[in-house]
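Understanding the architecture of this molecule
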Amino acid sequence: MSLFNDLGRKVEELKQEVGNASDDEATHRCLECDTLLYADHDECPECGSTSILARSD
Ligand SMILES: [Zn+2]
């Protein structure tokens, strides 16, 4: 039950992040396909790679 609540909140946070984010605000990047990510993903949503690099700047 609480898992669903946490998940729902996470989705809402992600939506807000995507809505507000620009390229400069991406925190992570996929090493395989160069997709910019705005949250810490275990896998790239584009190609499924687990080679996610946290951007240092
Ligand atoms: Zn990728």
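Source: prediction; values computed, not measured. (Residues numbered from 1 in each chain as written. Predicted model: local features only at pLDDT ≥ 70, side-chain atom pairs only at ≥ 80, totals over all residues. Heavy atoms only, no water.)

1. Observations concerning the coordination of the zinc ion
Defined as follows: Donor selection uses N, O and S atoms within 2.8 Å of the metal (3.2 Å for Na, K and Ca). Since no water is included, sites may look incomplete. Angle rules define the geometry names used: all angles between 85 and 135 degrees makes four donors tetrahedral, while opposite donors over 155 degrees apart and all other angles between 65 and 115 make four donors square planar and six octahedral, leaving every other case irregular. Here's how the labels work: a residue is buried when its accessible area is under 20% of the maximum for its type, exposed when over 50%, partly exposed in between, all with a 1.4 Å probe on protein chains only.
Note on the zinc ion: its protein donors are Cys30 (SG), Cys33 (SG), Cys44 (SG) and Cys47 (SG). The metal-donor distances range over 2.3 Å. Here the zinc ion is ringed by 4 donor atoms whose angles at the metal span 106 to 116°, and the overall shape comes out tetrahedral. The partly exposed category is assigned to cysteine 33, whose relative accessible area is 34%. Taking relative accessible area as the criterion, cysteine 47 reaches 40% and is therefore assigned partly exposed.

2. Overview of the side chain of serine 49
Filter applied, for reference: We count a stretch as a helix when DSSP gives it H or I for four or more residues in a row; a strand needs E for two or more, and each element gets its number in order from the N terminus. Should any heavy atoms of two residues lie within 4.5 Å, those residues are counted as being in contact.
Here serine 49 lies in the loop between strand S2 (36–37) and strand S3 (52–54). In this structure serine 49 touches Cys30, Glu32, Asp42, Glu43 and Cys44, once residues within four positions along its chain are discounted.

3. Some thoughts on the confidence of the model for the chain
Put simply, the rule reads: For every residue, the predictor states its confidence as a pLDDT score lying anywhere from 0 to 100.
For the chain, the average pLDDT comes to 83, and 82% of its residues sit at 70 or higher. Confidence scores differ between elements of the chain, with helix H1 (residues 2–20) showing the lowest mean pLDDT of 74 and strand S1 (residues 28–30) the highest of 94.

4. Observations concerning the pattern of salt bridges
Between side chains of opposite charge, a pair can form as their charged atoms come close. Defined as follows: Criterion for a salt bridge: a side-chain nitrogen of Lys or Arg within 4 Å of a carboxyl oxygen of Asp or Glu.
By the definition in use, this model includes 2 salt bridges. With a shortest N-O distance of 3.1 Å, arginine 9 and aspartate 6 are connected by a salt bridge. Taken as a pair, arginine 9 and aspartate 6 lie in helix H1 at a separation of 3 residues, close to a single helical turn. The class of aspartate 6 is partly exposed, set by a relative accessible area of 40%.

5. Thoughts on the sheet that holds S2
Basically, it comes down to this: Pairing between strands is defined by DSSP: at least two bridges between them are needed.
With respect to topology, 3 strands assemble into an open sheet ordered S2-S1-S3, the strand pairing being antiparallel. Across the chains shown, the open sheet's two edge strands, defined by having one partner strand only, are S2 and S3. The pairing of S1 with S3 spans 3 bridges and is classified as antiparallel. Looking across to S3, one finds that histidine 28 is bridged to alanine 54.

6. A few points about the environment of threonine 50
Looking at the element boundaries, threonine 50 is found in the loop between S2 and S3. Beyond its immediate chain neighbours, meaning those up to four positions away, threonine 50 contacts Asp42 and Glu43.

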